[in-house]
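Coordinate analysis (summary)
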Amino acid sequence: MGVVLFILKIIGIILLVILGIIVILLISPFMYKGRLQMTEESGFEMKARIHYLFGIIFVGFSVDDNGTDGAVRIFGIKIMSLFKSDDEKSEDKDKKKEEEDADKKDKESDEKDEETDEIGEELFELIEESENSTEEDSEENQKKSKSKGNIFDRIRDRIVSTLEKIRDALKKGIDSITETKKNITELRRVFRSATSKRAMKALKKLIVKLLKDILPRHLEGSVEFGFDEPHVTGQAVAGLAMAYPALGIDRKRFQAYPNFVEKKLDADCMFKGHFFLGHMLLLVIRFLLNRDVMKLIRYFMKKSKKDKEKYKDKKDNKEAKK
């Protein structure tokens, strides 16, 4: 009894440790910050860094006109580089070339061996043909007389078989067209229903909430933009006016200047934010537990099951006919 309790105690401790690790992973925030600069003179440059598990995992990267650079560090120790340098790329190319050359040499040696084997086989066949040529000539004469009578039968059978194949192909095409038409009409009916409309509203809410979680909480700087046509710039201004309150952007910290005269895009901004995997997972679970979403999921699961059964029945019928 004591041994059983000891084993159960160890299992419980292991489960608690695993549960604790999962909880820490879910409640630890992904914290990020960076800077983006874009001008016609200096070009494009962005630097960012991400912290996870209270700084144990660190990811830093930079992107500019010259290239990209980045690395992943754990406890300050570099584990891997996100982007390969030019030297590493050249080394990889050299390795690939060496491997290709080795493969070519192996293939050439195999081909030579095959050629020698083929020459020996051809010589052996020629000897056999010369020995059996007299016997085959008499047999061929008999076969020719028989084949003349069977030529017309063969032609007729081929024509019949080709016509049957064309008929079967046309039947399959018509059946597939009717099946796709049925599926399209059924999907239209489903997506036009009140249930699917409510589910789509829930999906839009989920996307907005996830974007609010992921997008920067703190944004400061300025951007000057302009398009070829002034009305497009005006539409962008209207979109920004809607995005400011939706994304919680402070107008005093981040300012946008439209340019209706020329095409332009200059930006200089700092961004900072954080998000929790646990909160995002909770939002997704709540969305999936929505009554309308569950109805749609059940419908599509049943439909996929029916389609699989139909396909299986067709396959079984074909095998039975054969």
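Predicted model only: the values in this text are computed from it and were never measured. (Residues numbered from 1 in each chain as written. Predicted model: local features only at pLDDT ≥ 70, side-chain atom pairs only at ≥ 80, totals over all residues. Heavy atoms only, no water.)

Right, let's get into the packing of helix α3 (residues 194-214) against helix α5 (residues 277-288). Axes are the key here: two packed helices are described by the angle between their axes and the distance separating the axes. Put simply, α3 and α5 touch, their axes get as near as 10 Å, and they point 175° apart. In terms of axis orientation, α3 runs roughly antiparallel to α5. Across the interface between the two elements, Ala199, Ala202, Leu203, Leu206, Lys209, Leu210, Asp213 and Ile214 from α3 touch His279, Met280, Leu283, Val284 and Phe287 from α5. Here the contact of α3 with α5 is composed, by residue class, of ten nonpolar, one polar and two charged. (Axes fitted to C-alpha atoms, helices over the stretch in contact; angles between N-to-C directions. Helix = DSSP H or I, 4+ residues; strand = E, 2+ residues; numbered from the N terminus. Parallel < 35°, antiparallel > 145°, perpendicular 65-115°, else oblique. Contact = heavy atoms within 4.5 Å. Nonpolar A, V, L, I, M, F, W, Y, C, P; charged D, E, K, R; others polar.)

Take the sheet that holds strand β6 (residues 218-226) next. The eight strands are arranged β5-β4-β3-β2-β1-β8-β6-β7 in an open sheet whose pairing can be described as mixed. A single partner strand is all that each edge strand has here, and the edge strands are β5 (77-81) and β7 (254-258). The average angle at which neighbouring strand axes cross in this sheet is 15°, direction not considered. In this structure, strand β1 (residues 29-39) lies alongside strand β2 (residues 43-52), joined through nine bridges in antiparallel fashion. Looking across to β2, one finds that Thr39 is bridged to Gly43. (Pairing = 2+ DSSP bridges.)

Quick look at α3 now. Look at α3: 31 Å from first C-alpha to last across 21 residues, which is about the 30 Å you get at 1.5 Å a residue. Restricting attention to buried positions, one finds in α3 the residues Thr195, Ser196, Ala199, Ala202, Leu206, Leu210 and Asp213. Taken end-on, α3 shows its buried residues confined to a sector of 115°, consistent with a single buried face. With respect to the buried face of α3, the exposed residues turned more than 90 degrees away are Lys197, Lys201, Lys204 and Lys205. (Expected span 1.5 Å × (residues − 1). Buried < 20%, exposed > 50% of the residue type's maximum accessible area, 1.4 Å probe, protein only. Arc of directions from axis to C-beta.)

This part is about the side chain of Ser196. Position of Ser196 among the secondary structure elements: in helix α3. Judged by its relative accessible area of 1%, Ser196 is buried. Engagement of the side chain of Ser196 in a polar contact is seen with the backbone oxygen of Ser193, the distance being 2.9 Å. When neighbours within four sequence positions are excluded, Ser196 is seen to be in contact with Val190, Phe191 and Leu296. (Polar contact = N/O pair within 3.5 Å; in protein donor to acceptor, adjacent residues only side chain to side chain.)

For the rest of this paragraph, the subject is the pairing of β6. Taken together, the nine bridges between β6 and strand β8 (residues 264-276) define a ladder with antiparallel strand orientation. Residue pairing in the sheet places Gly221 in a bridge with Cys269 of β8. Here β6 runs beside β7; their pairing, made up of five bridges, is parallel. Residue Val223 lies in a different strand from β7, and its bridge partner there is Ala256. Viewed along the sheet, the connection from β6 through helix α4 (residues 230-247) into β7 turns out right-handed. (Right-handed = clockwise from strand over helix to strand, strands pointing away.)

A positive phi angle, near 55°, is found at Leu53, a position not held by glycine. The topology assignment puts Leu53 in the loop between β2 and β3 (57-64). The class for Leu53 is buried, based on a relative accessible area of 15%. Residues other than glycine seldom take positive phi values, yet Phe75 does so here, at roughly 55°. Checked against the element boundaries, Phe75 lands in the loop between β4 (67-74) and β5.

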